[in-house]
Amino acid sequence: MYAVRNWLTGGVLMMALIAAPAAGRASSTPDSIKLDSLEQLYENVKFNHKKHIMLVKDCEQCHHHTTGTLVQDKNCVRCHKNSGATAVVSCRGCHAAQTFTAAALREKNKNNYHMDKLSLKGAYHQGCMGCHSKSGGPTGCQDCHALKKTGEALYNAGGNAPKHAGNAGKHGGH
Amino acid sequence: MKRRDFLKACMICGAATTLGVSKKAWGAGSFEGYPEGMGVLVDLTRCVGCRSCEAACNKEQKLPEPDAPFNDQSVFEDKRRPTEKAYTVVNRYETKKENGAAGGPVYRKIQCNHCNEPACLTSCFVNAYTKTKEGAVIYNPKICVGCRNCMIACPFNVPGYSYSSAFNPVVKKCIFCYDTRLKNGKPPACVEICPQEVLTFGHRKDLLKIGHERIRETPDRYVDHIYGEREVGGTSWLYLSGTPFEQVGFDTTMGNEPIISNVKEFLGTVPMVLAIWPALFTGFHLLANRKQEHGEQGHDHAKKEDGKQ
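The structure displayed is predicted, hence computed values, not measured ones. (Residues numbered from 1 in each chain as written. Chains lettered and ligands numbered in written order. Predicted model: local features only at pLDDT ≥ 70, side-chain atom pairs only at ≥ 80, totals over all residues. Heavy atoms only, no water.)

K.L.:
So what's going on with the pairing of strand 2 (residues 89-95) of chain B? Residues and values would help.
P.N.:
Residues and elements named next belong to chain B. Buried residues dominate strand 2, accounting for 5 of its 7 residues. With 7 bridges connecting them, strand 2 and strand 3 (residues 104-110) associate as antiparallel partners. Bridge pairing in strand 3 links N91 to R108. (Buried < 20%, exposed > 50% of the residue type's maximum accessible area, 1.4 Å probe, protein only. Helix = DSSP H or I, 4+ residues; strand = E, 2+ residues; numbered from the N terminus. Pairing = 2+ DSSP bridges.)

K.L.:
Please provide a residue-by-residue account of the confidence of the model for chain A, values included.
P.N.:
Of all residues in chain A, 78% have pLDDT values of 70 or greater, and the mean over the chain is 80. When the criterion is pLDDT under 50, residues 10-26 of chain A qualifies, and its contacts beyond four places in sequence or with other chains add up to 0 contacts. (pLDDT = per-residue confidence, 0-100. Contact = heavy atoms within 4.5 Å.)

K.L.:
I'd like a rundown of the side chain of D43 of chain B, residues and numbers included.
P.N.:
Residue and element names in this part refer to chain B. As for its position among the elements, D43 is in strand 1 (residues 38-43). Residue D43 is classed as buried on the basis of its relative accessible area of 0%. Here Y222 takes part through its side chain, which lies 2.5 Å from a polar atom of the side chain of D43. (Polar contact = N/O pair within 3.5 Å; in protein donor to acceptor, adjacent residues only side chain to side chain.)

K.L.:
So, the pairing of strand 9 (residues 237-240) of chain B: which residues are in play, and what are the values?
P.N.:
Residue and element names in this part refer to chain B. Because side chains alternate across strand 9, one face comprises the buried residues W237 and Y239, and the other comprises L238 and L240, equally buried. Pairing of strand 1 with strand 9 involves 4 bridges; the strand directions are parallel. Among the inter-strand pairings, V42 is bridged to a residue of strand 9, identified as Y239.

K.L.:
Describe the interface of chain A and chain B, with residues and values.
P.N.:
Listed as interface residues are 36 residues of chain A and, on the opposing side, 37 residues of chain B. Taken together, both faces of the contact between chain A and chain B bury some 2700 Å²; the carbon and sulfur share is 52%. Among the residues chain A hides against chain B, the three largest losses belong to F100, D116 and Y155 of chain A. Together they make up 24% of the total. In this assembly, chain A and chain B are joined by 2 salt bridges. Across the pair R78 of chain A and E217 of chain B runs a salt bridge, and its minimum N-O distance is 3.3 Å. (Buried area = accessible area lost by both parts, 1.4 Å probe. Salt bridge = Lys/Arg side-chain N within 4 Å of Asp/Glu carboxyl O.)

So this is what it looks like as structure tokens:
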């Protein structure tokens, strides 16, 4: 029994050692990321990270000072001139989903810096839309966010479109 | 409120104002909002005109079905204002590319700005309005008599009116989601849904710091002014813009004095007029009449004498 267990442990360790560099790279640079924080209203967004790396090349543009080359933004440089890569690189590692709750506001006021840090949703949208509008990427809401039934209900769109007005002209013959 | 009740209340109010108004009017110095008052910083440079705030407001406040879907961009062809069916609307302004300004469309969200010293509250003679300690300007539709004074008083043209209701028309406006969210420490529905974080919710005093910090960090992006910091005595909702405010539909001619300052001196004279004038003129009347009676008596006397002759 023990022999088998030792062998297994050893095997697993060996595998881990071999896989470690690859796994490290893979975990820091995923090829595709599923963005699902708004899944109550919209279908998930499949973010093609690999493609964006090829297009943008410079990690700093999205990841600030947390990975890749040193940060360029003159406001960030004031403190982060020499800041190297950090352990947390993912957007949701720093940008919280809820930033306006009473607890979050209390926490926010304790910090002298980064008082104005965006929520995850704000960071995604300002990051994506800011770049897309300059570089000609898709900028329409539904280019990324297909509405679910709940989303249609919220926006009075699709199957929930207003019936009394607007459509009246389209049924001219009745 | 029934008509009879209203008239009854009018009679009582008429008497009450004689004593009450002056204290209230003179008491309003420069009130800068409650210390823990909340607010929202609206950053127009971030808005992309998705109208999600309108959709969220509609559902949160259980407003009637809109005329067009909330993802229909054709509504931007007109300049809209808040109504009984929509407590917030977004308007689009085309701006020119000049003097470093980026140009292109600028979107502006309109809703109640929740003034520190609300003109609507001042103008309301049934006291339907309340400025809560959280910063919201709310109203009690059960007290509202539908006089529309607040619609005239509001410097931002915000309150809408339920013209659709034949029997009990009342004023309708944004209440900062007070009942369902704000009083529980939650941000209003529009803030929560905004994808671009155009809307930043927080304590008003912190938002002013954040606003000035954004201007300082990126001076090319903003006009060096926070609209609502001082306008008409300050508002809970504050605006940052990259284009001059007057080009995107803001009234920049209102000054920094609260609306009540324009009327409080006049209102201060009202009780004086009501209390002193009746006594004064009654006195005049009596004096004048006494003389007249003397004259008439004399005349009558003369007449009688004539008759005798």
